[in-house]
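Observations on the three-dimensional arrangement
Residues per chain are reported as follows:
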Amino acid sequence: MQTDDGRESLTTFAPNCAETENMSRFLSSLAILLILAFAGGNSGLWAQDHGHEVDGHDAEHAHTENSDHNHDRTDHEGHDAGDHDHADHGHTEEFVAGEFIIHHIADAHDIHLFGDVHIPLPVLLFIEGEGLQVFMSSAFEGHGHGDKHYACDHGIDYTLHAEDTLLENDVAVVSGGISAQREGQQLTVYDFSITKSVFGMLFILSVMLWMFISIAGSYKKNPGKAPKGMANALEPLILFIRDEIAKPSIGDKADKFMPFLLTVFFFIFFCNLLGLVPFLGGFNITGTIGVTVVLATLVFLLTNFNGNKHYWGHLFWPPGVPLPVKFILVPIEVFGIIMKPAVLMIRLTANISAGHIIILAFTSLIFIFGDGGTAIASGSGMGIFSTAFMIFMYFLELLVAFLQAFVFTLLAAIYFGDATHDPAHH
Amino acid sequence: MELLSILFEIGVGQGLAGLGAGAAAIGAGIGVGRIGGSALEAMARQPEAMSDLRSNMIVAAALVEGVALFGIIICLLVALG
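Residues numbered from 1 in each chain as written. Chains lettered and ligands numbered in written order. Predicted model: local features only at pLDDT ≥ 70, side-chain atom pairs only at ≥ 80, totals over all residues.

1. Some thoughts on the overall build of chain A
When helices and strands are counted, chain A shows eleven helices and nine strands. Among the 426 residues that make up chain A, the fraction classed as buried is 30%. Long-range contacts, defined as pairs at least 24 residues apart, comprise 61% of the intrachain contacts of chain A with a sequence gap of at least 6. (Helix = DSSP H or I, 4+ residues; strand = E, 2+ residues; numbered from the N terminus. Buried ≥ 20, exposed ≤ 12 C-beta atoms within 10 Å, placed from the backbone. Contact = placed C-beta atoms within 7 Å.)

2. With respect to the overall build of chain B
Per the secondary structure count, chain B includes three helices and zero strands. Written out in order from the N terminus, the α and β elements of chain B read α-α-α. Here chain B, with 81 residues, has 9% of them falling under the buried criterion. Contacts spanning at least 24 positions in sequence make up 78% of the contacts within chain B whose residues lie at least 6 apart.

3. Thoughts on the domain arrangement of chain A
Interface size is commonly expressed as the accessible area that is lost once the parts come together. Domain boundaries in chain A define domain 1 (14–114), domain 2 (122–191) and domain 3 (196–425). Taking only C-alpha atoms into account, the centre of domain 2 of chain A sits 34 Å from that of domain 3 of chain A. (Domains from an automatic or database assignment.)

4. Quick notes on the environment of Gly37(B)
Within the element layout of this structure, Gly37(B) appears in helix α2 (residues 12–45). A residue is classified by how many C-beta atoms lie within 10 Å of it, and Gly37(B), with 10 of them, is exposed.

5. Brief notes about the sheet that holds strand β6 (residues 156–160) of chain A
Residues and elements named next belong to chain A. Spatially, β5-β6-β7-β8 is the arrangement adopted by the four strands of the open sheet, whose pairing is antiparallel. Single-partner strands in this sheet number two, and they are β5 (148–151) and β8 (185–187). Here the average twist between neighbouring strands, direction ignored, is 30 degrees. The pairing of β5 with β6 spans four bridges and is classified as antiparallel. If you follow His149 over to β6, its bridge partner there is Thr159. (Pairing = 2+ DSSP bridges. Axes fitted to C-alpha atoms, helices over the stretch in contact; angles between N-to-C directions.)

6. A look at the interface of chain A and chain B
With 13 residues of chain A at the interface, the matching set in chain B holds twelve residues. Listed by contribution, the elements that provide at least two residues to the side of chain A that touches chain B are α4 (97–105), α10 (323–369) and α11 (376–420) of chain A. Examining the composition of the side of chain A that touches chain B, we find that six residues originate from one element, α10(A), more than from any other. Looking at side-chain class alone, the side of chain A that touches chain B contains nine nonpolar, three polar and one charged residues. (Nonpolar A, V, L, I, M, F, W, Y, C, P; charged D, E, K, R; others polar.)

7. Regarding the nonpolar core
Residues and elements named next belong to chain A. Of all hydrophobic cores here, the largest spans 47 residues; its most connected members are Ala246, Leu261, Phe265, Ile268, Phe408, Ala412 and Ala413. No other element matches α11, which puts 13 residues into this core. Apart from residues no more than four positions distant in its own chain, Ala413 is found in contact with Ile245, Ala246, Ser249, Ile250, Phe257 and Leu261. Counting eight residues, the second largest nonpolar core, distinct from the first, contains Leu125, Tyr150, Ala180 and Val189. (Core = buried A, V, L, I, M, F, W, Y, C linked by C-beta atoms within 7 Å.)

8. Re the sheet that holds strand β3 (residues 122–127) of chain A
To summarise the sheet geometry, strands pair through backbone hydrogen bonds and adopt either a parallel or an antiparallel arrangement. Residues and elements named next belong to chain A. Pairing is antiparallel across the open sheet formed by three strands, whose spatial order is β4-β3-β9. Strands with a single pairing partner mark the edges of an open sheet, and in this sheet they are β4 (131–136) and β9 (189–191). Across the sheet, the axes of successive neighbouring strands diverge by a mean angle of 30 degrees, strand direction being ignored. With six bridges connecting them, β3 and β4 associate as antiparallel partners. Bridged to Pro122 within β4 is Met136.

9. Here's the deal with the packing of α2(B) against helix α3 (residues 50–80) of chain B
Residue and element names in this part refer to chain B. The geometry of α2 relative to α3 is characterised by a closest axis approach of 8 Å and an angle of 175 degrees between their N-to-C directions. By the angle class used here, α2 and α3 are roughly antiparallel. When grouped by side-chain class, the residues that make up the contact of α2 with α3 number 20 nonpolar, eight polar and one charged. (Parallel < 35°, antiparallel > 145°, perpendicular 65-115°, else oblique.)

10. Regarding the confidence of the model for chain A
Residues with a pLDDT of 70 or more make up 73% of chain A, whose mean pLDDT is 76. Of the regions scoring below 50 in pLDDT, residues 41–91 of chain A engages in 96 contacts with residues more than four places distant in sequence or in other chains. (pLDDT = per-residue confidence, 0-100.)

Pasting the structure below:
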């Protein structure tokens, strides 16, 4: 659409204004869809009553009828709120926003879809003196939010600690972890379980393997011809990374680092997108610091193992700088060797988990205003406002998903370029 | 003295964490606002560079927001544990 006066209105391309007609039809159907979505999403709130167990189940049924995917979190929380029925006075358990948010951000040993539906995942524990123990996480018995126990037939008692259990009795079990005891004695447990995040990562890895192996195969089969299908779709992105990120930053050695940059970009991008998909139990892969620290460590190792003489020389003896300033600059530069990958790690984790927390916080607002089902009117009113904001935040999160992958890759390329920069080309 | 004991009961740590999160938001707002402002100014001076400016603005905004979110994470850690 090359024009000299900028944009052209839609009508210049459609002299019979068919496109504008279609546009208005589309807009009105979108409006109807949104109104139905708000009505449907808030129907669960209308169906709830003063926190009795039976009514809690009614609310669950009302929620399951709702098909709009934007209300996934609302649905999810409605089931959670309806489930809390083992309280003292027969009222539903109070909705604690912090607990709800932490539950959806943190890793877990099963995939909690909705209500009581959990997909159990394998638990792999290496216990000193006992070897490798493998069992499914459905073996843990217990309900609600407390600790869950599993007494296996070898005589070991496992405890799956609740998410808010911090340090307890000198056992370094932090929230959500597993501890094991044999006859009252604590055993040292190394947890290698397939948790929700690990499962998500394995899924993303298999998707990426399938995608890129088939793309590579299609390029080999049709040499010199225009790519079709998936290769056609991903080619602009791959070329964008090579031509806008790698080549300007690294120069002629760009091809050496391209595999890593491509892998890291697509891994982060797809993991971010997976975390945004509703109804799947809330994956938060790149929002956990354990994953991003590995990515940052890889960048750190690659930068420093590929650093040439000039890189290390300039680090410890920056040229063109007066001597007193050198004494200040060199510690900062040395500190920067560690800090630059560390900031990469924090930036990615913080952006992704902050996005998830915002969306969850908007959902929690509905239930805080609705007082757990008692104040229907204020809950619904808040629901409309909150859902609108949530939809906006979802679009922003889609942008952030791509942007954070792009920024991580760009900065990694810049660090690689700094390390391999040949000053003969100044 | 009783007022002080009441205040401490509320959880000064968590209150301060909220304050810190607000300060981080101020920092992010000022930073990204300046980026957006100068980008708009540059676009007004040179409309043909618009797409270049737009992509660089977004990248710079992501970097600045990274620093602000650094602070948010610390406040979150304080508030929740």
